[in-house]
Amino acid sequence: THFGFETVREDEKAGRVQGVFSSVASKYDIMNDVMSGGVHRIWKDAMMDWLAPRPGQRLLDVAGGTGDISFRFLKRAGRGHSTVLDITESMLVEGRKRAEAAQMSDSLDWVVGDAMALPFEANTFDVYTISFGIRNVTRPQGALNEAYRVLKPGGRLMVLEFSQLPNPMMQAAYDAYSFNVIPRMGQMIAGDRDSYQYLVESIRKFPDQETFLGMVREAGFGNAKYRNLTMGVAALHSGWKL
Ligand code: SAM
């Protein structure tokens, strides 16, 4: 069975997304490495290269999960602060354990909340990141509008997300691989086929690079650009609150 998201209502999508991440939280980090062959690390490092964190910056890491982006950001910035926000508490619990083990707890806050209704005042953060999160949000445009609101003037948005391959033959090959292999691997390794079926379906439905760039601009961001990663399997979108 799979979820068939075309027919479900908005609040059902939100509930199912939480169900997926609650069930994978304790295995999330290892599954990321296994499923991507470690490539997600290269993409996250590429995100940091473009972002170029600076000392003292305040980051809001939305859908931050177990904290991958925040840990990288803080290491590169040298000193700074990150607020990790996620709708699934069990993901944050895993992240907090990692922070304690790395003795980085002082630089981090963990907040349960929704990307579409951030519990922060306007003009609060220097940087807003969302990595493999906005695809799961019921209304991505609402999340981008919220990003714009909570960033300080001069603040930076950076989105890392799965995307579409501009080359149709490559996209067809990638679809064949992901729809057949990923759910089976999820079943074998995590005993959870449905969560990984959701993963591949949500990737295929997410807007392509140019469409998403339009949404970033629509939220008010200036100097908006994107870069493809691994031929467009993923993409980075950057924008500024000017
Ligand atoms: N950012 C981390 C990373 O790159 O490894 C975690 C990404 S994980 C694939 C997606 C996360 O999005 C999950 O932890 C999930 O709970 C969170 N999420 C889904 N919908 C959300 C929403 N509306 N608001 C905040 N977080 C959300």
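Residues numbered from 1 in each chain as written. Predicted model: local features only at pLDDT ≥ 70, side-chain atom pairs only at ≥ 80, totals over all residues.

Colleague: Lay out the packing of helix H2 (residues 28-36) against helix H7 (residues 168-190) with the relevant residues and their values.
Modeller: Axis separation between H2 and H7 bottoms out at 11 Å; the angle between their running directions is 140°. On the basis of the axis angle, H2 is oblique to H7. In the packing of H2 onto H7, the handedness of the crossing is right-handed. Counted together, Met31, Val34 and Met35 of H2 and Ile182, Met185, Ile189 and Ala190 of H7 form the full contact between these two elements. (Axes fitted to C-alpha atoms, helices over the stretch in contact; angles between N-to-C directions. Helix = DSSP H or I, 4+ residues; strand = E, 2+ residues; numbered from the N terminus. Parallel < 35°, antiparallel > 145°, perpendicular 65-115°, else oblique. Left-handed = near helix turned anticlockwise from the far one by under 90°. Contact = placed C-beta atoms within 7 Å.)

Colleague: Can you lay out unusual backbone geometry for me, pointing to particular residues and giving the numbers?
Modeller: Even without being a glycine, phenylalanine 132 presents a positive backbone phi close to 50°. Along the chain, phenylalanine 132 falls in the loop between strand S4 (125-131) and helix H6 (140-150). Under the C-beta neighbour-count criterion, phenylalanine 132 is labelled buried, with 21 such atoms within 10 Å. (Buried ≥ 20, exposed ≤ 12 C-beta atoms within 10 Å, placed from the backbone.)

Colleague: Explain the site of the ligand to me, using residue names and the numbers behind them.
Modeller: Neighbouring the ligand are 20 residues, the closest being Ala63, Gly65, Thr88, Ala115 and Ser131. Elements represented by at least two residues in the shell around the ligand include exactly helix H1 (10-24) and helix H4 (68-77). (Near = placed C-beta within 6 Å.)

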